[in-house]
Amino acid sequence: MSYSKCFSSKTRLHRLILLTLLTIFVILLAAISIAFLVRTRFKPTISGSNRVPTEAIKRTCELTLYKDICMTSLMEFPGGMEAGPRELVHLSMNMTHERVSQALYDAMALAAFDMAPLSRSAYDSCMELLYDSHQHLAQSLSTLLYSTSSTDDVMTWLSAVVTNQDTCEEELEQSGDTYLKPQMMSYFNELAKLLSNNLAIYSNQDFSTISTQNKKRRKLLSISDKSNEFPNWVKKSDRRLLQVAAAEIQADMIVSKDGNGTHKKIGDAVKAVPNYNSRRIIIYVKAGRYEENVKVDRKKTNIMFVGDGVGQTVVTGGRSVFANYTTYHTATFAANGAGFIMKDITIENWAGPEKHQAVALQVSADHAVIHRCNMSGYQDTLYVHSQRQFYRECDIYGTVDFIFGNAAVVLQNCNIWARKPLPQQKNTITAQGRKDPNQNTGISIHACQLWVTAELYPVKWDYPTYLGRPWKMYSRTVYMETYMDNHINPAGWLEWNGSFALQTLYYGEYLNNGPGSWVGKRVTWPGYRVITMHEEASKFTVARFIGGFTWLPPTGVSFLAGLRGK
């Protein structure tokens with residue numbers, strides 16, 4: 001592969017680099033200010049190579065997975081040797097933010113190099129994910145300094161940062177590029193471990209508890225556990241929009257293939273939305289088949305897409321890893337901007353099972369709501385990549401790992417359809433990607449129905465279907481109050497690779513029903529459990545797992561906050 005410099009770089013790339021450099025400059029100014037304050041308050045008294053960690057550093061790093069790196073990095077950071085436990089949280093966050101900024105700056109040096117398509121796809125993914133992580137850490141720092149958001153928000157952002165780095169490194173591995181991967185990894189320099197440590201340090205402080213332990217939400221749950229309203233983070237205005245027909249909605253933009261709208265392409269409408277928009281923007285996509293790959297990047301916030309109904313408004317694409325895209329870039333529709341809402345639309349990837357990984361919908365947007373939509377594909381149909389997501393009354397079709405990723409996500413009242421895979425393949429519904437035990441992530445499938453398609457039905461015994469398999473070490477998936485047809489294999493769950501993650505995963509089943517729900521022959525892995533306690537199952541409900549009471553009600557999507565049985 002040639003890596004000669006390409007002096008005719010695209011204007012779009014130049015703009016991205018300039019914007020990112022400006023953002024880093026502004027954030028670095030803030031970081032320098034924090035470092036100055038720390039130096040002012042804590043005058044270093046110990047220097048040289050013979051330093052030993054303070055008791056505060058020892059106690060703080062005892063909570064992390066990578067203790068040696070934790071102690072060394074905190075001792076070397078200005079003010080670390082004089083800081084107490086609370087100050088070390090700030091220092092850890094600031095240090096990690098600086099390291100991500102430096103990695104992003106260094107990696108920009110490769111932007112204008114010639115790369116093969118698959119390598120370019122991996123590089124672009126890493127740059128996008130690094131930038132997102134940079135912003136998440138800036139938000140987290142702001143919350144630490146000014147209490148601008150909740151601890152649950154920070155936990156979500158820090159969990160997403162760990163996921164972003166993991167995804168980047170996977171994309172580099174997928175590229176197979178013997179130059180790009182080691183070069184990028186040299187820029188990272190143990191970054192993944194620092195990100196993990198930062199998450200552990202924050203999550204174990206007294207002021208920070210994961211969403212399933214939030215006392216305020218427990219009180220709300222005791223009052224409204226049976227509520228069939230939308231979670232609170234959905235505004236009243238959004239709630240009304242989700243409950244009315246498309247014809248009754250006053251759209252800001254109309255997409256129509258026949259030209260009777262403001263735009264003919266969905267992507268053009270997205271581009272027209274102001275960056276970091278604070279009010280709800282409604283894009284009405286009229287009935288039609290839209291052959292395009294749509295991306296709503298993180299700057300395009302608070303967009304709601306409304307279609308004319310499943311099968312009527314269809315967005316379709318055929319990207320796959322077979323066509324030299326990395327998995328992250330195969331999505332027909334990718335949504336990364338916070339406050340993303342979609343209803344009454346079909347998203348499909350028609351690449352087929354022979355093309356392997358081919359994503360229909362990929363969501364990294366925080367507080368995302370997908371209502372009455374259809375996601376159709378084969379392997380890797382729905383990529384619930386990161387942050388908080390809610391799916392209601394959707395239909396999801398696929399074969400291998402067709403609901404995968406590392407978001408904190410609840411799927412409720414959805415139909416999940418197993419399709420006919422390739423010969424010798426097994427169907428696996430989920431492949432949850434929780435890599436770190438401190439991440440507040442997992443897949444919760446609640447009050448759903450598991451079915452087989454007409455194509456698979458006559459041969460379903462030849463293609464066993466499993467509830468999931470552990471993609472990452474701390475994979476976490478639960479099925480609750482869900483109907484399971486008889487195509488579900490009696491073992492329930494499938495190994496990923498031998499004994500990998502069987503000790504550390506968390507797989508649970510609670511009060512499911514149907515012929516496939518019998519647990520008498522389920523796997524006996526240490527991490528698998530039949531949940532019998534209401535309190536344990538309640539941790540994975542809308543109210544407690546994704547903090548639904550704080551953001552869902554305004555969207556207008558109806559939801560079951562707690563468990564049906566109580």
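Note that the structure is a prediction, hence the values are computed from the model and not measured. (Residues numbered from 1 in each chain as written. Predicted model: local features only at pLDDT ≥ 70, side-chain atom pairs only at ≥ 80, totals over all residues. Heavy atoms only, no water.)

### Side note on the packing of aromatic side chains
Then, number 1: The final tally for this structure, using the stated rule, is 15 aromatic pairs.
Then, number 2: Note on tyrosine 383 and phenylalanine 404: the rings are 4.1 Å apart at their centroids and 20 degrees apart in plane angle, and the pair reads as stacked. With a gap of 21 residues between them, tyrosine 383 in strand β13 (residues 382–384) and phenylalanine 404 in strand β16 (residues 400–405) connect regions that are remote in the sequence. Each member of the pair, tyrosine 383 together with phenylalanine 404, is buried.
Then, number 3: For the pair tryptophan 493 and tyrosine 507, a centre-to-centre distance of 4.2 Å together with 20 degrees between the ring planes defines the contact as stacked. Linking tryptophan 493 in the loop between β24 (483–484) and β25 (506–510) with tyrosine 507 in strand β25, this pair joins segments that are 14 residues apart in sequence.
Then, number 4: The exposure class assigned to tyrosine 507 is buried, which follows from its relative accessible area of 0%.
Then, number 5: Over the face of the ring belonging to tyrosine 378 we find arginine 419, whose NZ or CZ atom lies 4.0 Å from the ring centre.
Then, number 6: We note arginine 469 situated over the ring of tryptophan 496; from NZ or CZ to the ring centre the distance is 4.0 Å. (Phe/Tyr/Trp six-rings, centres within 6.5 Å; stacked < 30°, edge-to-face > 60°. Helix = DSSP H or I, 4+ residues; strand = E, 2+ residues; numbered from the N terminus. Buried < 20%, exposed > 50% of the residue type's maximum accessible area, 1.4 Å probe, protein only. Lys NZ or Arg CZ within 6 Å of the ring centre and 35° of its normal.)

### Quick notes on the pairing of strand β11 (residues 368–371)
Then, number 1: Alternating positions in β11 separate into two faces, Ala368 and Ile370 on one and Val369 and His371 on the other, with burial throughout.
Then, number 2: The pairing of strand β8 (residues 341–343) with β11 spans 3 bridges and is classified as parallel. By the bridge assignment for β11, lysine 343 is matched with histidine 371.
Then, number 3: Two elements, β11 and strand β14 (residues 388–392), share 4 bridges in a ladder whose sense is parallel. (Pairing = 2+ DSSP bridges.)

### Some thoughts on the nonpolar core
Then, number 1: Counting 59 residues, the largest nonpolar core has Leu74, Met93, Tyr123, Leu172, Met184, Phe188 and Tyr202 as its most contacted members.
Then, number 2: Listed by contribution, the elements that provide at least two residues to this core are α2 (55–61), α3 (67–76), α4 (85–107), α5 (117–146), α6 (151–175), α7 (180–188) and α8 (191–203).
Then, number 3: The greatest single-element share of this core, amounting to 10 residues, is contributed by α5.
Then, number 4: If you look at the next biggest cluster of nonpolar residues, it comprises 57 residues, including Val255, Met342, Val363 and Ile488. (Core = buried A, V, L, I, M, F, W, Y, C linked by side-chain atoms within 4.5 Å.)

### Things to note about the pattern of salt bridges
Pairing of side chains with opposite charge becomes possible as their charged atoms draw close.
Then, number 1: Taken as a whole and judged by the stated rule, the model has 19 salt bridges.
Then, number 2: Between glutamate 55 and lysine 58 there is a salt bridge, with the nearest N and O atoms lying 3.6 Å from each other. Residue glutamate 55 and its partner lysine 58 are both found in helix α2; the two are separated by 3 residues, about one turn of the helix.
Then, number 3: Given the relative accessible area of 48%, glutamate 55 is considered partly exposed.
Then, number 4: Lysine 58 gets classed as partly exposed once you look at its relative accessible area, which sits at 37%.
Then, number 5: With a shortest N-O distance of 3.1 Å, glutamate 535 and arginine 544 are connected by a salt bridge. (Salt bridge = Lys/Arg side-chain N within 4 Å of Asp/Glu carboxyl O.)

### What to know about α7
Then, number 1: Those residues of α7 not exposed but buried are Leu180, Met184, Tyr187 and Phe188. Looking straight down α7, one finds that the buried residues subtend no more than 105 degrees of arc, so they occupy a single side.
Then, number 2: The inward-facing, buried residues of α7 abut α4, α5, α6 and α8.
Then, number 3: The positive-phi residue at the C-terminal boundary of α7 is asparagine 189, with phi of around 50 degrees. (Arc of directions from axis to C-beta. Contact = heavy atoms within 4.5 Å.)

### Digging into the sheet that holds strand β20 (residues 442–446)
In any sheet, the strands associate via hydrogen bonds between backbone groups, in a parallel or an antiparallel arrangement.
Then, number 1: Read across the sheet, 11 strands follow the order β1-β2-β5-β8-β11-β14-β17-β20-β23-β25-β26 without closing on themselves; strand pairing throughout is parallel. Strand pairing shows two members of the sheet lacking a second neighbour, β1 (253–255) and β26 (528–530), which therefore form its edges. With strand direction ignored, the average angle separating the axes of adjacent strands in the sheet is 10 degrees.
Then, number 2: Strand direction decides the pairing type here: strand β5 (residues 303–307) and β8, joined by 3 bridges, are parallel. Paired with phenylalanine 305 across the bridge in β8 is methionine 342. (Axes fitted to C-alpha atoms, helices over the stretch in contact; angles between N-to-C directions.)

### Observations concerning the UniProt feature "active site" (unreviewed entry) in the protein
Then, number 1: Under the UniProt annotation, the feature "active site" (unreviewed entry) is placed at Asp401.
Then, number 2: Locating aspartate 401 in the fold gives a position in strand β16.
Then, number 3: Judged by its relative accessible area of 4%, aspartate 401 is buried. (UniProt positions renumbered as here; feature names shortened; annotations may be inferred.)

### Focus: the sheet that holds strand β6 (residues 313–317)
Then, number 1: Taken together, 8 strands build an open sheet; the order of strands is β3-β6-β9-β12-β15-β18-β21-β24 and the sheet is parallel. Each edge of the open sheet is held by one strand with a lone partner, namely β3 (288–291) and β24.

### Here's the deal with the pairing of β6
Then, number 1: With 5 of its 5 residues buried, β6 lies for the most part within the structure.
Then, number 2: Along β6, one buried face is formed by Thr313, Val315 and Gly317 and the opposite face, lined by Val314 and Thr316, is buried too.
Then, number 3: With 4 bridges joining them, β6 and strand β9 (residues 346–349) adopt parallel strand pairing. When the bridges of β9 are listed, valine 315 appears paired with isoleucine 347.

### Description of the packing of α3 against α8
Then, number 1: Close contact between α3 and α8 brings their axes to 10 Å; oriented N to C, the two are set at 85 degrees. For the element pair α3 / α8, the angle class is roughly perpendicular. Between α3, through Ile69, Cys70, Ser73 and Leu74, and α8, the contact on the second element is made entirely by Lys193, Leu194, Asn197 and Ile201.
Then, number 2: Considering only residue class, the contact of α3 with α8 consists of 5 nonpolar, 2 polar and 1 charged. (Parallel < 35°, antiparallel > 145°, perpendicular 65-115°, else oblique. Nonpolar A, V, L, I, M, F, W, Y, C, P; charged D, E, K, R; others polar.)

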